[in-house]
Amino acid sequence: MRGRSNRRVKIENDRSLYKQRNRIERMFGQLKINRAIATRYDQPASSFLGMVHLATARYRLKFVHVA
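Residues numbered from 1 in each chain as written. Predicted model: local features only at pLDDT ≥ 70, side-chain atom pairs only at ≥ 80, totals over all residues. Heavy atoms only, no water.

1. So, the overall build of the protein chain
Right, on to step 1. Secondary structure summary: the protein chain contains three helices and zero strands in total.
Right, on to step 2. Secondary structure elements of the protein chain, listed N to C terminal, follow the sequence α-α-α.
Right, on to step 3. Rg of the C-alpha trace for the protein chain: 18 Å, well past the compact-globule value of 11 Å for 67 residues, more than 25% over.
Right, on to step 4. If you line up the protein chain on its principal axes, its C-alpha atoms span 50 × 40 × 15 Å.
Right, on to step 5. Per-residue burial over the protein chain gives 7% buried out of 67 residues.
Right, on to step 6. Taken together, the 16 basic and 4 acidic charged side chains of the protein chain have centroids lying 6 Å from each other. (Helix = DSSP H or I, 4+ residues; strand = E, 2+ residues; numbered from the N terminus. Rg over C-alpha atoms; globule rule 2.2 N^0.38 Å. Buried < 20%, exposed > 50% of the residue type's maximum accessible area, 1.4 Å probe, protein only. Lys, Arg positive; Asp, Glu negative; His and termini not counted. Charge placed at Lys NZ, Arg CZ, Asp CG, Glu CD.)

2. Quick look at the layout of surface pockets
The method is simple in principle: a probe with the dimensions of a water molecule rolls over the atoms, and the space it marks as empty is what remains.
Right, on to step 1. Approximately 190 Å³ is the volume attributed to the second largest pocket.
Right, on to step 2. If you go around the second largest pocket, the residues you meet are Gln20, Arg23, Ile24, Arg26, Met27, Tyr59, Arg60 and Phe63.
Right, on to step 3. Broken down by secondary-structure element, the contributors of at least two residues to the lining of the second largest pocket are α1 (15-31) and α3 (45-61).
Right, on to step 4. Of the residues forming the lining of the second largest pocket, the biggest block, five residues, is contributed by α1.
Right, on to step 5. Its residues assigned to classes, the lining of the second largest pocket shows four nonpolar, one polar and three charged. (1 Å grid on protein atoms, 1.4 Å probe; cavity = no way out; pocket = protein on both sides within 12 Å on 5 of 7 lines; lining within 4 Å. Points joined across faces, edges and corners; volume = space filled by probe spheres on them. Nonpolar A, V, L, I, M, F, W, Y, C, P; charged D, E, K, R; others polar.)

3. A word on the environment of Phe48
Right, on to step 1. Its location among the elements puts Phe48 in helix α3.
Right, on to step 2. For Phe48 and Met27, which are 21 residues apart along the polypeptide, the C-alpha to C-alpha distance reads 17 Å.
Right, on to step 3. Phe48 has contacts with Ala36, Ile37, Arg40 and Asp42, leaving out every residue within four places of it along the chain. (Contact = heavy atoms within 4.5 Å.)

4. Digging into the confidence of the model for the protein chain
Right, on to step 1. Of all residues in the protein chain, 93% attain a pLDDT of 70 or more, and the chain-wide mean is 81.
Right, on to step 2. Model confidence for the protein chain, summarised as mean pLDDT per element, is weakest for helix α2 (residues 35-39) at 78 and strongest for α1 at 88. (pLDDT = per-residue confidence, 0-100.)

5. Topic: the environment of Glu25
Right, on to step 1. In this fold, Glu25 is placed in helix α1.
Right, on to step 2. The exposure class assigned to Glu25 is partly exposed, which follows from its relative accessible area of 47%.
Right, on to step 3. As for Glu25 and Arg35, which are separated by 10 residues in sequence, their C-alpha atoms are 17 Å apart.

Right under this line is the structure:
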């Protein structure tokens, strides 16, 4: 990723770190599509955590390739 050409002070960034951060940000965006997580319907922490685990597993299943 490159900065603006007219920037006075050049800012160096780590491309691999940016890619990892972007991946995590997209995952949280996908998790928040699930309404129960975005609004936290489940009041007990254990119920909420269970819902987060289910949503995460559902998200990860998209990347499993069936032969």
